[in-house]
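These are the residues of each chain, in order.
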Amino acid sequence: MTPEKIVENHKKYVLQSWSKQGNLNPIPVAKAEGIYFYDFDGNKYTDMSSQLVNLNLGYGNKAIGDAIKEQVDKFCFVGPSYATEAKSTLAEMIINLLPDSFGKVFFTNAGADANENAVKIARMFTGRNKVFSRYRSYHGSSFGAGNLTGEPRRYPLEPGIPGFVKFFDPYVYREAVEFESEEAATKYYLTKLREQIIYEGPDSVAAIVMETITGSNGVIIPPKGYLPGVRRICDEVMAGWCRTGKMFAFQNFDVVPDIVSFAKGVTCGYVPLGGVAVSQKIADYFDDHLLSCGLTYSGHPLACAAGVACVNYYSEANILDNVNKVGKVLGEILEEMKEKHPCVGDVRYIGLFSAIELVKDKKTKEPLVPYGKDENGIMGSLVGMLKKKKFMTYSHENMLFVNPPLIITEEQIREEMVKMDEVLTYVDNELI
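Residues numbered from 1 in each chain as written. Predicted model: local features only at pLDDT ≥ 70, side-chain atom pairs only at ≥ 80, totals over all residues. Heavy atoms only, no water.

1. Some remarks on the nonpolar core
In step 1: Counting 102 residues, the largest nonpolar core has Tyr314, Leu358, Met417 and Met420 as its most contacted members.
In step 2: In contact with Met420, other than residues within four places in its own chain, are Met337, Ile356, Leu386, Phe391, Leu400 and Val402.
In step 3: Within the second largest apolar cluster, 18 residues are counted, among which are Ala114, Val119, Ala283 and Phe286. (Core = buried A, V, L, I, M, F, W, Y, C linked by side-chain atoms within 4.5 Å. Buried < 20%, exposed > 50% of the residue type's maximum accessible area, 1.4 Å probe, protein only. Contact = heavy atoms within 4.5 Å.)

The following block contains the structure:
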């Protein structure tokens with residue numbers, strides 16, 4: 001097919017997610033390698049968001065591709081009730097990467113159904129029905145995961161499922177209270193959460209579901225001591241698999257969750273896969289209680305083969321070392337941008353997971369666009385400006401994200417952030 005025909009068919013036959021369909025003009029991708037992908041005219045684009053923050057190991061990873069090909073030659077599919085080498089191996093590898101308290105893994109297709117099954121498992125294990133999650137959160141767009149989600153993408157699902165309760169994030173930058181320390185902020189947020197749980201009835205709460213570090217809603221890093229106070233369930237869909245400088249994001253904090261949901265970086269998008277890892281105590285419960293969870297493609301052989309190759313590659317290629325090295329450089333660049341640009345209210349970063357929050361006024365912290373109401377498409381236009389510079393990322397609310405593949409080099413990060421600096425200069429001069 002010609003690139004023109006590819007785009008024509010996409011626009012004619014494909015419903016593209018999170019988009020008004022009338023004005024779409026997708027890039028037809030011809031090939032990809034490392035942190036770059038190319039269109040049919042040979043233009044090179046730098047993937048500075050790891051696609052949907054899942055392509056941790058970049059494009060064209062031979063080890064992952066070879067593992068998938070090897071599994072294809074054996075067999076592509078058997079049902080979840082059969083044991084396969086890839087599934088058994090990956091489950092063991094994941095449990096060995098988690099704290100000693102973990103016991104088993106339930107495999108899913110992606111992050112949304114991982115979160116849905118995590119909620120089901122928590123409800124079955126506790127016999128309780130209410131589930132807390134935060135307003136600035138995204139846990140998926142299926143019906144159950146969408147009810148967990150707190151931000152505006154939940155609105156089309158409302159009225160929602162009874163028992164899903166929202167609480168506020170520890171979003172210190174946006175809080176009306178001026179805290180004297182991180183510990184003071186933690187005390188405030190935990191006190192409010194504890195009060196809300198009391199009002200909802202503690203005996204009815206099955207779980208608190210959280211991204212350890214809020215992802216697409218702003219890379220909100222919790223203040224010191226916060227996570228140990230809300231230690232029930234930890235969502236690792238986006239922040240896991242070396243992204244934050246640790247294998248799993250909760251390992252940056254003094255906390256061990258009971259359940260960890262994961263996806264994205266477990267296969268880096270080469271084949272869809274997600275999962276729910278549970279403590280040994282929860283795993284033992286289902287020895288004589290029915291696990292009422294099931295998916296046709298749970299533990300898909302091709303996906304698990306890709307997962308084994310990915311987990312091995314993280315270790316063999318010393319990906320964590322690179323994340324911490326290049327992440328330090330990224331953090332320094334972001335701090336320089338915050339100091340330089342009047343439009344940059346805050347920068348938040350950990351490992352290669354970061355967000356730039358844009359404001360009209362640093363003193364008042366007025367966001368560049370109102371929450372949920374970018375009616376003039378300002379943030380979309382900024383993403384478009386970056387796109388013209390071949391810096392490919394996304395925005396959410398008043399934030400721009402920099403979450404490149406974990407294989408990026410110091411030279412590459414410096415080269416690309418010059419482009420971001422140019423766009424921020426435009427914002428300073430034209431939009432505030």
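2. Some thoughts on the packing of aromatic side chains
For any pair of aromatic rings, geometry is given as the distance between the ring centres together with the angle between the planes.
In step 1: Within this structure, the stated rule accounts for 16 aromatic pairs.
In step 2: Look at Trp18 and Tyr138: their rings are 6.2 Å apart centre to centre, the planes differ by 80°, and that puts the pair in the edge-to-face class. With a gap of 120 residues between them, Trp18 in the loop between helix 1 (3-13) and strand 1 (29-33) and Tyr138 in the loop between strand 5 (130-134) and helix 6 (143-148) connect regions that are remote in the sequence.
In step 3: Take Trp18: its relative accessible area is 53%, and that puts it in the exposed class.
In step 4: Here Phe77 and Tyr297 contribute two aromatic rings whose centre-to-centre distance is 5.6 Å and whose plane-to-plane angle is 70°, an arrangement assigned as edge-to-face. Here Phe77 is found in the loop between helix 3 (62-74) and helix 4 (85-97), whereas its partner Tyr297 is found in the loop between helix 9 (280-285) and helix 10 (301-316), with 220 residues between them in sequence.
In step 5: The class for Phe77 is partly exposed, based on a relative accessible area of 38%.
In step 6: What makes Tyr297 partly exposed here is its relative accessible area of 45%.
In step 7: In this structure an aromatic cluster arises from ring pairing among Trp241, Phe248, Phe250, Phe262 and Tyr314. (Phe/Tyr/Trp six-rings, centres within 6.5 Å; stacked < 30°, edge-to-face > 60°. Helix = DSSP H or I, 4+ residues; strand = E, 2+ residues; numbered from the N terminus.)

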